[in-house]
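Observations on chain architecture
Here's the letter readout for the chains.
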Amino acid sequence: MILQMLSYPFMQRALVAGALISLCCALLGVSLVLKRYSMIGDGLSHVSFGALAIAVALGFTPLYFSIPVVILAAFLLLRMASRPHWNNDAAIAVLSASSLAIGILVISLTTGMTTDVDNYMFGSVLAMTEFDVFLSVVLSIAVLILFVLFYHKLFAITFDESFSRATGLRVDIYNSLLAILTALTIVLGMRMMGAMLISSLIIFPALTAMRLFRSFRGVVICAGVSAVVCFAAGLTASFLLSTPVGASVVVADLTVFLAACCIQTLRKR
């Protein structure tokens, strides 16, 4: 059955693009979860959905329109969260709810819930075109290269921004870099996972790895491996059981997370 699954071109495209996007989400997710920005993926996915709705209504290419909009939203989110009278959760909630509402209103007044919009909402393995895969591979590799190059800087700003500033590290630049990489990954992953479930790729692998390892490097490696394995398992289950890809991947992530929690409990005993 697995060989049969891999014989279909659309499943091959989904496996390649999905594995790379899952890996990027997991690596970035470690820093985001530790910085208490774990729900930024949810907020940015809703922004991407709002941008998608406007793009469909105006006849633009959704992916080209969504990427710059989501990057701008990531910068705005960081700026809002840095203000004294805002906090991370409030900033994400405001941006998320507003973008989702705007997207729903635009859709209801123009095209209605078309199949293309539904695919972006809930994800579809059939929605991945060859160009989508090419763009996902190129941008995912760029994200991975930047993550490796600036690994030590991201490590520093993740654990202690104040000390990093005191040592002369330009924290704002690296926070912006983290926001840009996250925005790109979210937009790419929406095509397959959907706006409603893409944030799970950021949260679950990081939480799973933190239950098993103590060091930052160990958590990053474990999160990356866990994300790719869970995506492959979810994609396979989706093919065998005829279930949605996004939901299948999330259930696989949840299963591994619960197993990690059990292992952590046994270690304590």
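The paragraphs below set out a description of the structure included in this document. Remember, it's a predicted structure, so these values are computed and weren't measured experimentally. (Residues numbered from 1 in each chain as written. Predicted model: local features only at pLDDT ≥ 70, side-chain atom pairs only at ≥ 80, totals over all residues. Heavy atoms only, no water.)

**Quick notes on the packing of aromatic side chains**
The way to describe two aromatic rings as a pair is by their centre distance and the angle between their planes. Cut-off, in case you're wondering: Two rings from Phe, Tyr or Trp (for Trp, the six-membered ring) form a pair when their centres sit within 6.5 Å of each other. Planes less than 30 degrees apart are called stacked, planes more than 60 degrees apart edge-to-face, and all others tilted. Only protein chains enter the accessibility calculation, which uses a 1.4 Å probe; a residue is then buried when its area is under 20% of its type maximum, exposed when over 50%, and partly exposed in between. In this description a helix means any DSSP run of H or I spanning at least four residues, a strand means any run of E spanning at least two, and both kinds are numbered starting from the N terminus.
Enumeration according to the criterion identifies seven aromatic pairs in this entry. Aromatic pair Tyr 8 and Phe 10: ring centres 5.6 Å apart, planes at 35°, arrangement tilted. A relative accessible area of 32% means that Tyr 8 is categorised as partly exposed. Judged by its relative accessible area of 23%, Phe 10 falls in the partly exposed class. Ring centres of Phe 150 and Tyr 174 lie 5.7 Å apart, and the angle between their planes is 55°; on these two criteria the pair is classed as tilted. Note that Phe 150 is positioned in the loop between α7 (130-149) and α8 (151-159) and Tyr 174 in helix α10 (residues 171-193), a separation of 24 residues in sequence. Among the aromatic residues, ring-to-ring pairing joins Phe 147, Tyr 151, Phe 155 and Phe 216 into one connected group.

**A word on unusual backbone geometry**
Phi is positive for Ser 242, close to 60°, though the residue is something other than glycine. Among the residues examined, Ser 242 registers a relative accessible area of 65% and is labelled exposed.

**Concerning the pattern of salt bridges**
Under the convention used in this document: Every case where a carboxyl oxygen of Asp or Glu lies within 4 Å of a side-chain nitrogen of Lys or Arg is listed as a salt bridge.
If you walk through the whole model with that rule in mind, you get one salt bridge. Among the ionic pairs, Arg 165 bridges to Asp 172, the shortest N-O distance being 3.3 Å. A residue is classified by how much of its surface remains accessible, and Arg 165, at 44% relative accessible area, is partly exposed.

**Side note on the packing of helix α2 (residues 9-34) against helix α11 (residues 200-212)**
We apply this condition: For every element, the axis is a line fit to its C-alpha atoms; helices are fit only across the contacting stretch, and the angle between N-to-C directions ranges from 0 to 180 degrees. Throughout this description, any angle smaller than 35 degrees is read as roughly parallel, any larger than 145 degrees as roughly antiparallel, any in the 65 to 115 degree range as roughly perpendicular, and the remainder as oblique. Take the far helix as the reference: if the near one is turned anticlockwise from it by less than a right angle, the crossing is left-handed, and if turned clockwise, right-handed. Pairs of residues are marked as contacts when any of their non-hydrogen atoms sit within 4.5 Å.
Two elements in contact, α2 and α11, have axes whose closest approach is 7 Å; the angle formed by their N-to-C orientations is 70°. Judged on the interaxial angle alone, α11 and α2 are roughly perpendicular. Regarding α2 and α11, the two cross each other, and that crossing is right-handed. Of the residues in α11, those in contact with Ser 22, Cys 25, Ala 26, Gly 29, Val 30, Leu 32, Val 33 and Leu 34 of α2 are Leu 201, Ile 202, Ile 203, Pro 205, Ala 206, Leu 207 and Met 210.

**Details of helix α13 (residues 245-268)**
For the record, the criterion: Take the number of residues in a helix, subtract one, and multiply by 1.5 Å to get its expected span.
For α13, with 24 residues, the first-to-last C-alpha span of 35 Å sits near the 34 Å given by 1.5 Å per residue. Of all the positions in α13, only Val 245, Gly 246, Ser 248, Val 249, Val 250, Ala 252, Asp 253, Phe 257 and Ala 260 are classed as buried. Next to the buried residues of α13 lie α10, α11 and α12 (216-241).

**Considerations on the packing of α11 against α13**
What counts here: Charged means Asp, Glu, Lys or Arg here, nonpolar means Ala, Val, Leu, Ile, Met, Phe, Trp, Tyr, Cys or Pro, and polar covers whatever is left, Gly included.
Two elements in contact, α11 and α13, have axes separated by 8 Å at closest approach and are oriented at 20°. The orientation of α11 relative to α13 falls into the category roughly parallel. When you trace α11 past α13, the crossing you get is left-handed. For the pair α11 and α13, contact is made by Ser 200, Leu 201, Phe 204, Pro 205, Leu 207, Thr 208, Arg 211 and Leu 212 and by Val 249, Val 250, Asp 253, Leu 254, Val 256, Phe 257, Ala 260, Cys 261, Ile 263, Gln 264 and Arg 267, respectively. Within the contact of α11 with α13, the residues separate by chemical class into 13 nonpolar, three polar and three charged.

**Overview of the nonpolar core**
Defined as follows: To qualify as a nonpolar core, a set must consist of buried Ala, Val, Leu, Ile, Met, Phe, Trp, Tyr and Cys residues joined through side-chain atoms within 4.5 Å.
Core analysis: the largest hydrophobic core is formed by 79 residues, its most contacted members being Val 30, Ile 40, Leu 44, Ile 67 and Phe 147. No other element matches α10, which puts 14 residues into this core. Ignoring anything within four residues of it in the chain, the contact list for Leu 44 reads Val 70, Ala 73, Ala 74, Thr 182, Ala 183 and Ile 186.

**Description of α10**
With 23 residues, α10 extends 31 Å between its outermost C-alpha atoms, agreeing within 8% with the 33 Å of an ideal straight helix rising 1.5 Å per residue. Within α10, 20 of the 23 residues are buried, which leaves it mostly tucked inside the rest of the structure. Phi turns positive, to about 90°, at Gly 194, one or two residues after α10.

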